[in-house]
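As a plain string of letters, each chain reads:
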Amino acid sequence: MGCGQKDDKASLASSQIASFSHQPHQPPSTPASKEVWKKGGRMFSILLAVHLALLACTLVSSGAFEKIAVHDYDVFFLLTVMMLIVTIWIIFYLAGTSRCPDAILCKDSHAGPIWLRGGLILFAIFSLVMDVFKIGYYSSFYSCLSAIKIIYPIVQAIFVVVQTYFLWISAKDCVHVHLNVTRCGLMLTLTTNLAVWMSAVTDESVHKAHSKLKKNMTDEIFRWLLKAGMRSSSAEECNCNSQICQIFKNGYFWLYPFNIEYSLFASAMVYVMWKNVGRFIDHHSHHIHRLKFRLFRRTFFIGIVLGLIILVSGLGVLILYEVQVNSSTESSKKSQALTMYYIFNIVCLGLMSLVCIGGSVIYRFDKRDMDRHKNPTRTLDVALLMGAALGQYAISYYSIVAIVASTPRDAISALNLTYALLMIAQHTFQNIFIIEGLHRQPPKEDHKHNSRQKDLYGLTFVNINAVSLRVPDSGSTLAPSTASGTEAIQPSDLVRSLTAPRKMNWRRKCLREISMFLLLSNIILWIMPAFGARPQFDNDTELNFYGDSMWPAIVDICLPFGIFYRMHAVASLLEVYIMS
């Protein structure tokens, strides 16, 4: 496994690099035996990930029920061991694998964009704060708890720091040494993040259900829900009575959404790294577009202003909803909160659907070519958008069936039905808009005009009327550039190159406005369910139709995917905005 045992791979890589230099326009080819082994190595790592994921899923789901003899500290023990193994492998990769000769022959420019890594760091910071709150909470009554409950958040904090640093510096790597170890390590990392995500989602869902049903529950349900935070055998002995303990408890539950998103973001980036192991990139077809992010330039501000209005209004609706639903026992207050919530979401989803349709129509007039090059990052983005949308689709269709089949129907049921239909439409139209934007080539005119302007005799300010005086009519001055293999600059092209940058294509401006409006709207639609606004538990129509056990289970399974969809849509829309 050492670097010295990779001479054959190094020679293979050098021979392929030599072939690149002699045939620059030909894609790199690999021997058939290497392709077979590549598939075998991938298959082995996938099988390892599947078995570990099934084991973690079994323990996490079993630990949520009191009658099953699997305790929550059993789950914590498994997750702690997995995180320690991944941390050791990451250190081995950074200190050994990445420093081997010819370990990283190329990098994937599309993998790990700066906004994705920046979002990962943001979620990592909140995850660390959550771990601090967890340590403080469990330390408040450490005498009656298993030691693993205090060890787990400490190990998780170390894991978050090490993994974030690893993904920040290595997300673009295409590794060509220690191939099978790297694939298995990356799959173990991905599985660990998914296991942590499943544990966080389960813990948060049980806590939400506990807070919603605490006033109207039987003793048996109460004992089942106490499994969310502590052992049932010592629940009363380990009650959290002090004020500082309550602050720690409420604090880390409010920070769970950030930890959930961190695990999913890290899983996506690790998967792209796994796809890039052993990959050779043809740099002639794998163009690197260094696009600048200009938020307040080349825009009408309409999308930003409307998006900020939606964002601020949504925050106000969220605060009022939490106060009236969670802090009041009056049914009239609950009905008012539900009505306000549904009206806001109907307006927001309706505007977003219309804007997405308009953006798709604008793409019909866009003259940019489609990007058909191989791009694992874009493929994963599309798959995550389509897959995560299934969660919200499922909730919406279950709601539609319950509303249509239930009697009597009131105003809230009508609003709920409209909300469910618009949710389906908005997800569909937004996916179409985002996927089409991700497959468009970035604008070429900026760098073409800039490169031509730099060749215009070193001029800083040029009078267009004087261009004909500087460029001969015969074009003899431009002939050498043609002979050297580059395109000749004609006087008409020169005039266009000087005038075009002064204005931006109206289609690009509209697409940027649409992307920014959708980005801000998706942020508030992520914040509302992530921080407590969940009408699925407060509306009695679905609860009475499906029962107290089936409907909460449906929401607990599907809603995390809907929340992740919103955050992933924000990252994809930011990329569409920059590419426009």
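The model shown is predicted, which means the values in this text are computed figures rather than measured ones. (Residues numbered from 1 in each chain as written. Predicted model: local features only at pLDDT ≥ 70, side-chain atom pairs only at ≥ 80, totals over all residues. Heavy atoms only, no water.)

1. With respect to the overall build of the protein chain
For the protein chain, the helix and strand inventory stands at 21 helices and 2 strands. Looking at the protein chain as a whole, 50% of its 580 residues are labelled buried. (Helix = DSSP H or I, 4+ residues; strand = E, 2+ residues; numbered from the N terminus. Buried < 20%, exposed > 50% of the residue type's maximum accessible area, 1.4 Å probe, protein only.)

2. What about the pattern of salt bridges?
A full pass over the atoms with the stated rule returns 2 salt bridges. With a closest N to O distance of 2.5 Å, Lys107 and Asp173 form a salt bridge. Placement of Lys107 in strand 1 (residues 104-107) and of Asp173 in strand 2 (residues 173-175) is noted, with a sequence separation of 66 residues between them. (Salt bridge = Lys/Arg side-chain N within 4 Å of Asp/Glu carboxyl O.)

3. Notes on the environment of Leu422
Position of Leu422 among the secondary structure elements: in helix 13 (residues 411-438). When the C-alpha atoms of Leu422 and Cys348 are compared, they prove to be 9.6 Å apart, with 74 residues separating the residues in sequence. Ignoring any residue separated from it by four or fewer positions in sequence, one finds Leu422 in contact with Ile346, Leu349, Gly350 and Ser353. (Contact = heavy atoms within 4.5 Å.)

4. Thoughts on the packing of helix 18 (residues 506-530) against helix 21 (residues 550-579)
When two helices pack together, their arrangement is captured by the angle between the axes and the distance separating the axes. Direction vectors running N to C along helix 18 and helix 21 enclose 160°, while the axes themselves pass 8 Å from each other. On the basis of the axis angle, helix 18 is roughly antiparallel to helix 21. Relative to helix 21, helix 18 is oriented so that their crossing is left-handed. Contact residues: helix 18 offers Arg512, Ser515, Met516, Leu518, Leu519, Asn522, Ile523, Leu525, Trp526, Pro529 and Ala530, while helix 21 offers Ile563, Arg566, Met567, Ala569, Val570, Leu573, Leu574, Val576 and Tyr577. Classifying every residue of the contact of helix 18 with helix 21 by side-chain character gives 16 nonpolar, 2 polar and 2 charged. (Axes fitted to C-alpha atoms, helices over the stretch in contact; angles between N-to-C directions. Parallel < 35°, antiparallel > 145°, perpendicular 65-115°, else oblique. Left-handed = near helix turned anticlockwise from the far one by under 90°. Nonpolar A, V, L, I, M, F, W, Y, C, P; charged D, E, K, R; others polar.)

5. Re the nonpolar core
Core analysis: the largest hydrophobic core is formed by 137 residues, its most contacted members being Phe166, Phe433 and Trp526. No other element matches the 16 residues that helix 21 contributes to this core. (Core = buried A, V, L, I, M, F, W, Y, C linked by side-chain atoms within 4.5 Å.)

6. Looking at helix 9 (residues 256-276)
Taking 1.5 Å of rise per residue, the 21 residues of helix 9 would be expected to cover 30 Å, and the 31 Å separating its terminal C-alpha atoms lies within 8% of that figure. The buried fraction of helix 9 amounts to 19 of the 21 residues, a majority that puts the element mostly inside the structure. (Expected span 1.5 Å × (residues − 1).)

7. Examining the side chain of Ser399
With respect to the secondary-structure elements, Ser399 resides in helix 12 (residues 376-405). Judged by relative accessible area, which is 5%, Ser399 ranks as buried. Residues in contact with Ser399, not counting those within four places in the same chain, are Ala420, Glu542 and Trp551.

8. Describing the side chain of Ser572
With respect to the helices, strands and loops of the structure, Ser572 is situated in helix 21. What makes Ser572 buried here is its relative accessible area of 2%. Excluding residues that lie within four positions of it along the chain, Ser572 makes contacts with Asp381, Leu385, Ile434 and Leu438.

9. Things to note about unusual backbone geometry
Of note, Asp102 is a non-glycine position whose phi angle comes to about 60°, a positive value. Assignment of secondary structure puts Asp102 in the loop between helix 3 (72-95) and strand 1. For Asp102, a relative accessible area of 39% translates into the label partly exposed.

10. Describing the packing of aromatic side chains
Applying the stated rule across the entire model yields 28 aromatic pairs. Measuring from centroid to centroid gives 5.6 Å for Trp89 and Tyr93, while their planes differ by 40°, and the two rings are tilted. Of this pair, Trp89 and Tyr93 both sit in helix 3, 4 residues apart, which is roughly one turn of that helix. Aromatic pair Tyr546 and Trp551: ring centres 5.7 Å apart, planes at 15°, arrangement stacked. By the burial criterion, Tyr546 is buried, and Trp551 matches it. In textbook terms, an aromatic cluster arises when at least three aromatic residues are bridged by ring pairs, as seen for Phe123, Phe126, Trp254, Phe258, Phe265, Trp526 and Phe531. (Phe/Tyr/Trp six-rings, centres within 6.5 Å; stacked < 30°, edge-to-face > 60°.)

11. Quick look at a nonpolar patch on the surface
Residues Ile114, Ile121, Ile125, Val129, Tyr165, Trp168 and Ile169 make up a contiguous nonpolar surface patch of roughly 620 Å² in combined accessible area. When contributions to the nonpolar patch are tallied by element, the ones reaching two or more residues are helix 4 (114-139) and helix 5 (148-170). Among the elements that make up the nonpolar patch, the one with the highest residue count is helix 4 (4 residues). (Patch = residues over 30% accessible without salt bridge, like charges linked within 9 Å, V, L, I, M, F, W, Y side chains within 5 Å. Areas by Shrake-Rupley, 256 points an atom, 1.4 Å probe, with all protein chains shown as cover.)

12. Details of the packing of helix 12 against helix 21
Running from N to C, helix 12 and helix 21 cross one another at 140°; their axes reach a closest spacing of 7 Å. On the basis of their axis angle, the class for helix 12 and helix 21 is oblique. Remark: the crossing between helix 12 and helix 21 carries left-handed chirality. Its residues assigned to classes, the contact of helix 12 with helix 21 comprises 16 nonpolar, 6 polar and 2 charged.

13. Some thoughts on the environment of Leu417
The residue Leu417 is located in helix 13 in this model. Accessibility expressed as a relative area gives 26% for Leu417, which makes it partly exposed. Between the alpha carbons of Leu417 and Ile403 there is a distance of 6.7 Å; along the sequence they are 14 residues apart. Filtering out sequence-adjacent residues up to four positions away, Leu417 remains in contact with Ile400 and Ile403.

14. Some details on the confidence of the model for the protein chain
Segments scoring low in pLDDT should not have their predicted coordinates read at a detailed level. In this model, the protein chain carries a mean pLDDT of 76, and residues with pLDDT of at least 70 account for 72%. Confidence over residues 4-36 falls short of pLDDT 50; this stretch has 26 contacts with residues more than four positions distant or in other chains. Segment residues 218-222: pLDDT under 50, and 3 contacts once partners within four positions in sequence are set aside and those in other chains are kept. (pLDDT = per-residue confidence, 0-100.)

15. Section: the state of the cysteines
Applying the stated rule across the entire model yields 0 disulfides. We note that Cys174 lacks a disulfide partner, and the nearest cysteine sulfur, in Cys106, lies 4.2 Å from it. What makes Cys174 buried here is its relative accessible area of 0%. (Disulfide = S-S within 2.5 Å.)

16. Some remarks on the environment of Phe365
Looking at the element boundaries, Phe365 is found in the loop between helix 11 (331-364) and helix 12. Using a relative accessible area of 52% as the deciding quantity, one classes Phe365 as exposed. Along the chain, Phe365 and Arg507 lie 142 residues apart, while their C-alpha atoms are 8.0 Å from each other.

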